[in-house]
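For reference, the chains in residue letters:
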Amino acid sequence: MKAMILERPGEALRAAELPDPRPGPGQLQVAVSACGVCRTDLHVVDGDLTEPKLPIVPGHEIVGRVSALGDGVENFDLGQRVGIPWLGHTCGHCRYCASGDENLCDEPGFTGYQIDGGYAEKTVADAAYCFPLPGDQSDAELAPLLCAGLIGYRSLVMAGESSKKLGIYGFGAAAHIVAQVATYQGREIYAFTSPGDTTAQQFARDMGAVWAGDSSAASPVELDAAIIFAPVGPLVPAALRAVRKGGIVVCGGIHMSDIPAFPYGILWGERVLRSVANLTRQDAIDFLELAPKVPVKTEIQEFPLAEANQALTALRSGNLSGAAVLIP
Ligand SMILES: [Zn+2]
Ligand SMILES: [Zn+2]
């Protein structure tokens, strides 16, 4: 099979011809039809995340069809459309797994990081971490739901059910999905982008934002909560300044530049600052049930698998509206 592999962080991906991966007990072999390009892939490729298996096939927003079943797999059929997310394995016995917080597992395995992912024609995954994807949306349109959608949804839940005026900092793949879900739930979205990025601001308004403007400007209203998707530390004090007393600031990314020192006064008033790490399988079940009701429509830009490096470059430079999706 054809695959794009990372041999050393900091280098470009290399096109490779690999043997088809074979499903072990409890695993599915999946013929990949679309794989989204997530900012986390950039952090893996650039070496910001320091524990990759090498070489690794990146990619954890995978949509495909079951092409072979490992021993003992009962819940899936050959040919069935499935999605494979970032969470690829948990230990099942650490204190976090035992308490339902499997996203914090002490010995996790992540797709496209420690487990070969979807920048390939085929992949294998533990069936227990795969999700059926019924419905008639195209494979490419569904791919961004598998991480941008899931992490965005978990971030939205962490922002609090009663948070009506919601700020979003960084308006890319995750934000454009969250904005649709939040608007469906009756919330108001205030979108903050890089100063002068009028394209992203217009995109935010198209996705339902009631206001969009520069992150360097003060918020036009007092926010109940804010979600930061851009990996930019200085946005943390900016968001804390924008939320009301008791307001919540959620950092949705896996990596962020350093947060500058800030006065205690902007955290005072029982404001809450928290991160969101990974996802649980329950998040996936909840979100994949909700998404068709909204219905979430994703804005995508397709690239052939062989152009994975170009897709990563486009994401890095901010030259994408919505999500890049690789098509093998
Ligand atoms: Zn665990
Ligand atoms: Zn991701």
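Structure shown above.
The written sequence of each chain sets the order in which its residues are numbered from 1. Both sets of labels track the order of writing: A upward for chains, 1 upward for ligands. Given that the model is predicted, a residue must reach a pLDDT of at least 70 before its local features are reported, and side-chain atom pairs must reach 80 or more before they are shown or counted; all residues, however, enter totals for whole chains, interfaces and linings. Values shown for side chains rest on all heavy atoms present in the structure; no hydrogens or waters enter the calculation.

**Student:** What exactly am I supposed to notice about the packing of aromatic side chains here?
**Tutor:** Note on aromatic contacts: the rings of Phe and Tyr and the six-membered ring of Trp form a pair at centre separations within 6.5 Å, being stacked when their planes are under 30 degrees apart, edge-to-face when over 60 apart, and tilted otherwise. Summed over all chains, the structure comprises seven aromatic pairs. Both rings, one in phenylalanine 192 and one in tryptophan 211, keep their centres 5.0 Å apart while their planes meet at 55°; by these two values the pair is tilted. With phenylalanine 192 in strand 11 (residues 188-193) and tryptophan 211 in strand 12 (residues 211-214), this residue pair connects regions lying 19 residues apart in the sequence. Ring centres 6.2 Å apart and planes at 55° place the aromatic pair tyrosine 264 and tryptophan 268 in the tilted group. Take tyrosine 264 and tryptophan 268: they sit in the same class, and that class is exposed. We call a charge positioned above a ring when the Lys NZ or Arg CZ atom is no farther than 6 Å from the ring centre and deviates by at most 35 degrees from the ring normal. In this arrangement the basic side chain of arginine 95 is found over the ring face of tyrosine 96, its NZ or CZ atom lying 5.5 Å from the centre. Counting from the N terminus, the helices are the DSSP runs of H or I reaching at least four residues and the strands are the DSSP runs of E reaching at least two. To sort residues, take the accessible area from a 1.4 Å probe on protein chains only and compare it with the maximum for the residue type: under 20% means buried, over 50% means exposed, and anything in between is partly exposed.

**Student:** Looking at this structure, I do not really get the coordination of the zinc ion (ligand 1). What am I missing?
**Tutor:** A four-donor tetrahedral metal ideally has 109.5 degree angles, and a six-donor octahedral metal ideally has angles of 90 or 180 degrees. For Na, K and Ca the donor cutoff is 3.2 Å, while for all other metals N, O and S atoms must lie within 2.8 Å; water is not among the atoms, so some sites may look incomplete. Surrounding the zinc ion (ligand 1) are the protein donor atoms Cys91 (SG), Cys94 (SG), Cys97 (SG) and Cys105 (SG), which sit 2.3 to 2.4 Å from the metal. Angle rules define the geometry names used: all angles between 85 and 135 degrees makes four donors tetrahedral, while opposite donors over 155 degrees apart and all other angles between 65 and 115 make four donors square planar and six octahedral, leaving every other case irregular. Each of the four donor atoms bound to the zinc ion (ligand 1) contributes to angles spanning 104 to 118°, and the resulting shape is tetrahedral. Taken in sequence order, the residues that donate to the zinc ion (ligand 1) follow the motif C-x2-C-x2-C-x7-C. For the pair shown, cysteine 94 and cysteine 97 are each scored as buried.

**Student:** Explain the sheet that holds strand 12 here, please?
**Tutor:** When DSSP finds at least two bridges between two strands, those strands are taken to pair. Judged by pairing direction, the sheet is parallel, and its six strands sit side by side in the order 12-11-10-13-14-15 without closing on themselves. Since the sheet does not close on itself, it has two edges, and those belong to strand 12 and strand 15 (272-275), each with one partner. Each strand of the sheet is rotated relative to its neighbour by a mean of 20°, with strand direction disregarded. Where strand 10 (residues 165-169) meets strand 13 (residues 223-228), four bridges bridge the pair, whose relative direction is parallel. Note on strand 13: the bridge partner recorded for isoleucine 168 is isoleucine 227. Throughout, a contact is declared for two residues whenever any of their heavy atoms are within 4.5 Å. Working convention: axes come from line fits to C-alpha atoms, limited for helices to the stretch in contact. Angles between N-to-C directions cover 0 to 180 degrees. Contacting strand 10, strand 11 and strand 13, helix 5 (residues 173-184) runs over the sheet at an angle of about 175° to strand 10. Taken strand by strand, helix 6 (residues 198-206) contacts strand 11 and strand 12, and its axis lies near 165° from that of strand 12.

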